Amino acid sequence: MACSKSTLPSDWPKPDAAAAALSESLQNRIKQAIEAQSLSFAQYMEMCLYAPGLGYYSAGARKFGEAGDFVTAPEITPLFSRALAISCAAVLAETGGDILELGAGSGVMALELLRALQAMGQLPERYLILERSADLRQRQQALLAEQAPELMSRVAWLDQLPSEPWRGVLLANEVLDALPVERFQVGRDGLRQAYVVERDDAFCEEWRPAGDALANMYERHLADLSLAEGYQSECCVLLESWLAQLHAGLHQGAMIFFDYGSVRTEYYHPSRTAGTLMCHYRHRAHPDPFILQGLQDITAYVDFSAVAELAHAAGLRVAGFTTQAHYLLDVGLDRLLADVEVDGGVEYLKVVQALKQLMLPGEMGERFKAMLLTKNIGVSVPGFRGQDFRSRL
């Protein structure tokens, strides 16, 4: 990637003064970090997304929905959360205990899940939300207090994973793609790693010999692919320790992940020579992470083969892997649609259009995957009883 100035295309919405000042403050923080030590791309991505008070997920900019930078499935239609409630209810019926949601966004999924589980008579003992963003936490609290005050006594916000073993369901919708990744390049003299440097008042990447953590991850999971010289991509070095933490805290239950990604042979296909890194700003997707620091989301596709291998190594059972479309079909989306009450044909068409966005192959239906990890349970979980693509992992 070339060094990037902060100039935006002329047809993009310009940040207001407050947003521009926030971004400048974060840029200065990054410059200080570069001066103090070498800054790998994952460390840079971590700062851009999570620097306290300045990072994309830590500051107060609107992120979700039409007025934000992107939309997620729970924002598109409440039917997604109602479908997920059916999976959660099946697990909670066996385990009891809690639901733990990682990164609850606007709070819409938590709200609809709790409403659906209440109607099913299967409310969790607690609905725990691990949220790093103080701004998003406040928005979630305000939404739940306004829309479901009678359920607020069950909801608690966490700063870190539970310190005591717990039972129930862990939910992560579009969380894996926001884990910081390291960028790598296959060089003639060995594996190289991207570091972020400053040149002429702009940020760019500089390739250096790979550090031990990245080299080890590559050797264990990617070396057999025999990627060609010059091939560039990314991998999540943090994934192993992150999954081990999740496993250590869960005594009995299930983890359900939704995210865009693919299996390893597709992720690191020979034709995908520049990786999957993508940024999102005001519903514009582009590949440059070195602009709009703190004002844009930075993501990468999920290597679900790596998730499965590292989850298994941690002691979790990979109990299901399918597309989002097949998940929704298996959970009974048609029955949920039949129960929708609308005032007229136009409203019904809006519901159908939203479901097309979730289901169609060219939209989210195949690009998004669902993965089920379990520990000490044997229950058949709705959503993962139909098409099973674990053999592709």
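Above this note sits the structure.
Residues numbered from 1 in each chain as written. Predicted model: local features only at pLDDT ≥ 70, side-chain atom pairs only at ≥ 80, totals over all residues. Heavy atoms only, no water.

Student: What should I look at first to understand the overall build of the protein in this one?
Tutor: In terms of helices and strands, the protein carries 13 helices and 15 strands. Its C-alpha atoms give the protein a radius of gyration of 21 Å, within 12% of the compact-globule value 21 Å for 393 residues. Expressed as lengths along the three principal axes of its C-alpha atoms, the size of the protein is roughly 60 × 50 × 45 Å. Counting over 393 residues, the protein shows a buried share of 55%. Taking the intrachain contacts of the protein between residues at least 6 apart in sequence as the baseline, contacts between residues at least 24 apart amount to 78%. (Helix = DSSP H or I, 4+ residues; strand = E, 2+ residues; numbered from the N terminus. Rg over C-alpha atoms; globule rule 2.2 N^0.38 Å. Buried < 20%, exposed > 50% of the residue type's maximum accessible area, 1.4 Å probe, protein only. Contact = heavy atoms within 4.5 Å.)

Student: I would appreciate a short explanation of the nonpolar core in the present structure.
Tutor: Counting residues in each nonpolar core, the largest one holds 80 residues, and the members touching the most others are F184, L239 and W242. Within the second largest apolar cluster, 53 residues are counted, among which are I99, I129, L171 and L355. (Core = buried A, V, L, I, M, F, W, Y, C linked by side-chain atoms within 4.5 Å.)

Student: Quick question: what am I supposed to make of the sheet that holds strand β8 (residues 232-235) here?
Tutor: The pairing of strands in a sheet comes from backbone hydrogen bonds and takes either a parallel or an antiparallel form. Strand order in the open sheet formed by four strands is β7-β6-β5-β8, and the pairing between neighbours is antiparallel. Looking at which strands have only one partner, the edges of the open sheet turn out to be β7 (202-209) and β8. Neighbour-to-neighbour, the strand axes of the sheet open up by a mean angle of 40°, direction not taken into account. (Pairing = 2+ DSSP bridges. Axes fitted to C-alpha atoms, helices over the stretch in contact; angles between N-to-C directions.)

Student: Can you walk me through the pairing of strand β4 (residues 166-173) in this structure?
Tutor: In summary, the side chains of a regular strand alternate between the two faces of the sheet. The element β4 is largely enclosed, with a buried count of seven among its eight residues. When strand β1 (residues 98-102) meets β4, the two strands line up parallel, connected through four bridges. Its bridge partner lying in β4, I99 is registered against V169. Bridge analysis of β4 against strand β9 (residues 250-262) gives eight bridges, and the strand direction is parallel. Within the sheet, the bridge partner assigned to A172 lies in β9 and is F257.

Keep in mind these numbers describe shape, not what the thing actually does.
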